[in-house]
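Observations on the three-dimensional arrangement
Residues per chain, in single letters:
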Amino acid sequence: MQATNAQGRAEGEGWERTARAGQAHVLVRILDEDPELGRYLAPRDVRLAASVAIAPLHTVGPGTASFLIDEPLTHAHFGLLVLGGLIARHLSFGQLGAVEFYGPGDLVRPWTRRTDGTAPGRWDVLTTTRLAALDGDFASRVQPWPELVAGLLDRAAERSDAQALQAALHQTKRTEDRVLLALWHFAGRWGESGPEGRTVSLPNITGALLARYVGARRQTVSTALGRLADSGDLRRNPDGSFTLPRRPPQLETR
């Protein structure tokens, strides 16, 4: 293990030198950006693992991102780890459609082909987004620490949980409850706690996108947001963020 760790340290330092020389992509230390990914590591291993858990960084501006399913990002062995920003994925199945959102901490594998008839969909970058390509070189360097792979598997499981929640949300009768549950879900993933509740910023998630997420019409969602504000279940802040001062209610399903 000592020899392997020494080799990993040397490789990490070599990659950093190459990046500084301008001969490769900008590189990022994954555990500096996302420390939670190393939560299974023994304390003695964190520093060394952080020094070699390095991956190419891709920064992309808002717009339709067809490149996500093209070269060269298909070489990302584990996938693309979202370090910052927000992405919407639009899915369609016949005449039906849906949208899901990816934000900081999510692991994305956009080139995966489905066999259930679902169209590949469209990927839209909503805000400037930073993506770490966890490629084959990254996989080789972190091989001594399977705890990091376990952390990535957790992220995949969390995506599955998010999709299950979205499906459950569509069984809720009232649009107000659907919207409130969706906002609490987003606040739990990307929000911050404060003295007045939990606040979440959803830049460029328009009323139409939120309506598609909860399975309702845009005007109905706008009305629901107004009613939730009147009831004190949320506050719309001047900067466009939402503050949720209360816990979500027990929602009634069909």
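As the structure is a prediction and not an experimental result, all values here were calculated from the model. (Residues numbered from 1 in each chain as written. Predicted model: local features only at pLDDT ≥ 70, side-chain atom pairs only at ≥ 80, totals over all residues. Heavy atoms only, no water.)

With that settled, the discussion passes to helix α7 (residues 207-214). Looking only at α7, the buried set comprises Leu209, Leu210, Ala211, Tyr213 and Val214. Remark: Gly215 follows α7 within two positions and exhibits a positive phi of approximately 75°. (Buried < 20%, exposed > 50% of the residue type's maximum accessible area, 1.4 Å probe, protein only. Helix = DSSP H or I, 4+ residues; strand = E, 2+ residues; numbered from the N terminus.)

The next point concerns the pairing of strand β4 (residues 79-93). Remark: a regular strand shows side chains that alternate across the two faces of the sheet. Taken across its 15 residues, β4 has 12 buried, putting it largely inside the fold. Here β4 pairs with strand β7 (residues 122-134) via 10 bridges, running antiparallel. When the sheet's bridge partners are listed, Arg89 is paired in β7 with Trp123. One ladder, built from 2 bridges, connects β4 with strand β6 (residues 107-108); its direction is antiparallel. In the sheet register, Leu80 faces β6, and the bridge partner there is Val108. (Pairing = 2+ DSSP bridges.)

What follows covers unusual backbone geometry. Note: most residues except glycine have negative phi, and most peptide bonds are trans. Although it is not a glycine, Asn204 sits at a positive phi angle of roughly 70°. As for its position among the elements, Asn204 is in the loop between β9 (197-200) and α7. On the accessibility criterion, Asn204 (47% relative accessible area) is partly exposed.

Of all hydrophobic cores here, the largest spans 29 residues; its most connected members are Phe101, Val179, Leu183 and Phe186. Contributing elements (two or more residues each) for this core: β4, β5 (96-102), α6 (175-190), α7, α8 (218-231) and β11 (242-244). The element best represented in this core is α6, accounting for 8 residues. The residues touching Val179, leaving out its near neighbours within four places in the chain, are Leu210, Val214, Val221, Ala224, Leu225 and Leu228. Counting residues in each nonpolar core, the second largest holds 24 residues, with Leu48, Ala49, Ala132 and Leu152 among its members. (Core = buried A, V, L, I, M, F, W, Y, C linked by side-chain atoms within 4.5 Å. Contact = heavy atoms within 4.5 Å.)

Structurally, the position occupied by Ser241 is in the loop between β10 (235-236) and β11. Relative accessible area serves as the criterion here: at 3%, Ser241 is assigned to the buried category. A polar contact of 2.9 Å, which involves the side chain of Ser241, links it to the side chain of Asn237. Among the polar contacts made by the side chain of Ser241, one reaches the side chain of Asp239 at a distance of 2.6 Å. Setting aside anything within four residues of it in sequence, one finds Ser241 in contact with Thr199, Val200, Ser201, Arg235 and Arg236. (Polar contact = N/O pair within 3.5 Å; in protein donor to acceptor, adjacent residues only side chain to side chain.)

The topology assignment puts Trp190 in helix α6. Sequence separation of Trp190 and Leu202 is 12 residues, and the distance between their C-alpha atoms is 9.0 Å.

Keep in mind these numbers describe shape, not what the thing actually does.
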